[in-house]
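What follows is each chain in one-letter form.
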Amino acid sequence: MAGSMETAVEHRVIETELPVNATLHLWLKAVSPEEPGSVSFHSTNGKFGEVQAVNAEEHSFRIYHVFGGGSIELIYDPAVTSVSVAYWFTASDVLETGITVLHTNPANAPPELPESYHFRPPFGWMNDPNGFGRFGGRPHLFYQHYSHGRIWNNMHWGHAVSSDYLRWRHLPVFLFPSEELSVRPDKRGGAFSGSAIALPNGPGIRVFFTEKIADRVPEQEIQMSATSADLFSAGAAEVLLPRRPDGEGLTFDFRDPYVFRGPDGRWKMLLGSQSDAGGVILLYETEDNAAAGGWIYLGKLYTETRYETSALECPCLLPLDGDPRDPATRWALIYGLMNGEDKDTGRRNLSMVDVGWFDGRTFTKEFGRELDFGTDNYAFQAFVDGGSPVGIGWLGNWADTGPTIDFPSAMSLPRTLLLEDGELLTPPIGAAESLRSRMLDRTRLAAGQTVALPHGAAEIVFDLSEPGAAFHLELDHPEMRLAVTQHGEGLEIVQQHMPTEVQENAGPPGPRYLAKAVKAKRFRVFLDYGSLEIFADGGRHAGTKRITGFEPVRALRLAAEPGVVVHATVWALRL
């Protein structure tokens, strides 16, 4: 934060130096309905502007252009005005330089985590990845975002750009809730999840998203589209699909448009919903080369009946092993089971992937499995980048959070998807090796000794003498028992919170994060503040688990029978 100080008891000042032609984004609201909130702008030449907010329920967004640059002060009275977020950028080079955050309220400030390497927003709440793709030569990541606290609320789209999927520059907030939500703070909704494509006839992108307004009649959720020529600001949104298809017995759930080219060259759109038979994925298409309209409903692409799920969410479909126009090419269909539960383990909101063939209208399944047995790789979205599928997920799960829980979160490590020997592998992207800052150990962990970690970011790589050999990797965490273990039932993440007091009538035990019948031989374990990710046998099995809070794992110990651990290496990581 550039300087923030009290000039008097009743005023707060945010000071900064702005370049010529800077753009300032500011959110403010009145503290009470009795008196409007306001922020005044001062430069070295005196006062040059003021903005007001009369709504005490929801933050109002303001844009201010500073043409001359120089020393600027933003002055407000915190007894009257709440300023949630302030940042600036220059439009001419924002894709290269990103935004500069001047101020955030403590309630929505990001955690300070030395050497942490997972993507996190610069402020506020985050959930599903959106619009994941390469545009203008760079990977772009949009995401579900609330700017004013770490608790879910009216949805915006946050935005970042990268060169390697690991090191990101934060860009201006891209999509905002509709004006209807701004004037009705008692309602909830906003710009929900979706996708993006490159404009086929010029520079820029088209984004697709669900607009939700709770209790809106007749449709709570409709599909919208907007374009951006400059890749960082969205034009006015237009309605693409104003209602659900008739005659399908669908609930109000109708969301998460994923748009992609089909094998017939036409744009396709997947949407998630729920019917009497179970969760469903709906398929649309258009002959419009710009995907700007003309969408027609083709039918239900998939129906899920196994896990008593409600709506299927965040569907995604992409070719895996060849040209999408080739009928022999296999495709991956990915989707989330909202409220679905595996009764054997108690895990909820699973993410699934089915592999098969897609002819433009029908998906024929060859085989399927869970995308991630740890369940905290939700809303996974992927696309084909230069012939190689790459995807990313929300490192969270609605079973652990909700609209009333303070939940700072992250995205998973980006992953590739590939077929090998008739199996789907989802290893971390190759660039993940660039996170290794220094080697911590090559001998002690394999010998059963304890290895201390200097901070919360580390990678552990180890091989066993034979597939399925038993081991127990104990992770020393100050607030819980945490381990990765392989035993007769399979591969498991153990997470047990330490009791603070004896409870005579304790509830049932928590879920078991178990990949049944797995017999793996090679492991990569990634630790970060608040997360654990496992990749076994090159990504044949992946487990992602969010760890409550941000206390780091302090040390490691690997227990196994003599001769089982062939070798083990521990790396300290950093961006």
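Rules behind the numbers
Residues numbered from 1 in each chain as written. Predicted model: local features only at pLDDT ≥ 70, side-chain atom pairs only at ≥ 80, totals over all residues. Heavy atoms only, no water. Helix = DSSP H or I, 4+ residues; strand = E, 2+ residues; numbered from the N terminus. Buried < 20%, exposed > 50% of the residue type's maximum accessible area, 1.4 Å probe, protein only. Areas by Shrake-Rupley, 256 points an atom, 1.4 Å probe, with all protein chains shown as cover. Lys, Arg positive; Asp, Glu negative; His and termini not counted. Charge placed at Lys NZ, Arg CZ, Asp CG, Glu CD. Pairing = 2+ DSSP bridges. Axes fitted to C-alpha atoms, helices over the stretch in contact; angles between N-to-C directions. Phe/Tyr/Trp six-rings, centres within 6.5 Å; stacked < 30°, edge-to-face > 60°. Salt bridge = Lys/Arg side-chain N within 4 Å of Asp/Glu carboxyl O. Contact = heavy atoms within 4.5 Å.

Draft legend 1. Seen up close, the overall build of the protein chain. Of regular secondary structure, the protein chain possesses 2 helices and 45 strands. Counting over 575 residues, the protein chain shows a buried share of 58%. Accessible surface for the protein chain amounts to roughly 22,900 Å². Of this, 50% is attributable to carbon and sulfur atoms. Each charge class in the protein chain can be summarised by its mean position, and for the 50 positive and 73 negative side chains these summaries are 4 Å apart.

Draft legend 2. Region of the structure containing the sheet that holds strand S34 (residues 436-441). Spatial strand order, S34-S45-S36-S41-S42-S43: 6 strands in an open sheet with antiparallel pairing. Every interior strand has two partners, whereas the edge strands, S34 and strand S43 (541-546), have only one. In this sheet, neighbouring strand axes are inclined to one another by 20 degrees on average, regardless of whether the strands run parallel or antiparallel. Bridge count for S34 against strand S45 (residues 565-573) is 4 bridges, and the pairing is antiparallel. Among the inter-strand pairings, Met439 is bridged to a residue of S45, identified as Trp571.

Draft legend 3. Spotlight on the packing of aromatic side chains. Across all of its chains, the model carries 30 aromatic pairs by this definition. With a centroid separation of 6.0 Å and 50 degrees between ring planes, the pair formed by Phe260 and Phe358 is classed as tilted. Here Phe260 is found in strand S18 (residues 254-261), whereas its partner Phe358 is found in strand S26 (residues 351-358), with 98 residues between them in sequence. Overall, the relative accessible area of 7% leaves Phe260 in the buried class. On the accessibility criterion, Phe358 (5% relative accessible area) is buried. Through pairs of rings, three or more aromatic residues link up here, namely Trp27, Phe61, Tyr87, Phe89, Phe123, Phe176 and Phe232.

Draft legend 4. Geometry of unusual backbone geometry. Looking along the chain, the bond that leaves Val217 and enters Pro218 is cis, with omega of 5 degrees. You can see Pro218 is positioned in the loop between strand S15 (205-213) and strand S16 (221-228). Look at Leu231: it is not a glycine, yet its phi comes out positive at around 70 degrees. Residue position: Leu231 is located in the loop between S16 and strand S17 (238-241).

Draft legend 5. Spotlight on the pattern of salt bridges. Taken as a whole, this structure holds 40 salt bridges when the rule is applied. Glu96 is the salt-bridge partner of Arg138, the closest N and O atoms lying 2.5 Å from each other. With Arg138 in strand S11 (residues 138-146) and Glu96 in helix H1 (residues 94-97), this residue pair connects regions lying 42 residues apart in the sequence. Overall, the relative accessible area of 22% leaves Arg138 in the partly exposed class. When the shortest N-O distance is used, the salt bridge between Arg306 and Glu304 registers 2.7 Å. Salt bridges sharing partners connect three or more residues here, namely Asp264, Arg266, Lys268, Glu285, Glu287 and Arg361.

Draft legend 6. Local environment of the pairing of strand S28 (residues 378-385). Burial runs high along S28: 7 of the 8 residues are buried. Where S28 and strand S29 (residues 388-395) come together, 6 bridges link them in antiparallel fashion. Considered in S29, the bridge of Asp385 is made with Ser388. Connecting S28 to the next strand, S29, in antiparallel fashion are 2 residues, including Gly386 with a positive phi near 60 degrees.

Draft legend 7. Region of the structure containing the side chain of Asn377. Examined against the element boundaries, Asn377 turns out to sit in the loop between strand S27 (363-370) and S28. Residue Asn377 is classed as buried on the basis of its relative accessible area of 1%. The contacts of Asn377, once residues within four sequence positions are left out, are Ser351, Leu371, Asp372, Gly393, Trp394, Gly396, Ser412, Arg415 and Thr544.

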